[in-house]
Amino acid sequence: MSAIQSIFQRYAGQYLERYGHAMPAIHRKVIHAIDSCRSGDFGSHLYKCQACGLVHMVPCSCGNRHCPTCQNEKPRCG
Ligand SMILES: [Zn+2]
């Protein structure tokens, strides 16, 4: 988890409640994307390890270019 994601997860609700009405919609969209990146909100990939046979679930990235975790370079689900 990036530092900005932890900040958004802690304070975005309060911030949006107070200032959300005055923000451009795209800013709210970016906050939601970063807040939810790799949380499972965007779906998940299942990978089966060829060595041990275990199935691993990897939550999808948000794909938003402003997100410091994925910066639009990691594949999104769907
Ligand atoms: Zn992301």
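First, a word on what this report is: a plain description of the structure on this page. This one's a predicted model, so the numbers in the text were calculated from it and none came from an experiment.

### Quick notes on the overall build of the protein
Stage number 1. A tally of regular secondary structure across the protein gives two helices and two strands.
Stage number 2. For the protein, the α and β elements follow one another from N to C terminus as α-α-β-β.
Stage number 3. Its C-alpha atoms give the protein a radius of gyration of 15 Å, more than 25% over the compact-globule value 12 Å for 78 residues.
Stage number 4. The dimensions of the protein, computed from C-alpha atoms along their principal axes, are 50 × 20 × 20 Å.
Stage number 5. Classification of the 78 residues of the protein by burial places 24% in the buried group.
Stage number 6. Contacts in the protein between residues at least 24 apart in sequence constitute 35% of all its contacts with a sequence separation of at least 6.
Stage number 7. Here the protein carries 9 positive and 4 negative side-chain charges, and the mean point of each set is 5 Å from the other.

### Examining the coordination of the zinc ion
Stage number 1. Here the zinc ion is held by Cys37 (SG), Cys62 (SG), Cys67 (SG) and Cys70 (SG), and the distances to it run 2.2 to 2.5 Å.
Stage number 2. In this structure, the zinc ion is surrounded by four donor atoms whose angles at the metal cover 99 to 122°, and the resulting shape is tetrahedral.
Stage number 3. Sequence positions of the donors to the zinc ion reduce to the motif C-x24-C-x4-C-x2-C.
Stage number 4. The class for Cys62 is buried, based on a relative accessible area of 3%.

### Let's talk about the side chain of Ser36
Stage number 1. Among the secondary structure elements, Ser36 is positioned in helix 2 (residues 25-36).
Stage number 2. On the basis of relative accessibility, which here comes to 4%, the residue Ser36 falls in the buried class.
Stage number 3. Here Asp41 takes part through its side chain, which lies 3.1 Å from a polar atom of the side chain of Ser36.
Stage number 4. Excluding residues within four positions of it along the chain, Ser36 makes contact with Gln5, Asp41 and Phe42.

### Here we look at the packing of aromatic side chains
Stage number 1. What the rule picks out here adds up to one aromatic pair.
Stage number 2. Taken together, a centroid distance of 5.0 Å and an interplanar angle of 50° make the contact between Tyr15 and Tyr19 tilted. Within this pair, Tyr15 and its partner Tyr19 are both found in helix 1 (residues 3-19), separated by four residues, close to a single helical turn.

Cut-offs and rules
- Residues numbered from 1 in each chain as written.
- Predicted model: local features only at pLDDT ≥ 70, side-chain atom pairs only at ≥ 80, totals over all residues.
- Heavy atoms only, no water.
- Helix = DSSP H or I, 4+ residues; strand = E, 2+ residues; numbered from the N terminus.
- Rg over C-alpha atoms; globule rule 2.2 N^0.38 Å.
- Buried < 20%, exposed > 50% of the residue type's maximum accessible area, 1.4 Å probe, protein only.
- Contact = heavy atoms within 4.5 Å.
- Lys, Arg positive; Asp, Glu negative; His and termini not counted.
- Charge placed at Lys NZ, Arg CZ, Asp CG, Glu CD.
- Donors = N, O, S within 2.8 Å, 3.2 Å for Na, K, Ca; no water.
- Tetrahedral: all angles 85-135°; square planar, octahedral: opposite > 155°, others 65-115°.
- Polar contact = N/O pair within 3.5 Å; in protein donor to acceptor, adjacent residues only side chain to side chain.
- Phe/Tyr/Trp six-rings, centres within 6.5 Å; stacked < 30°, edge-to-face > 60°.

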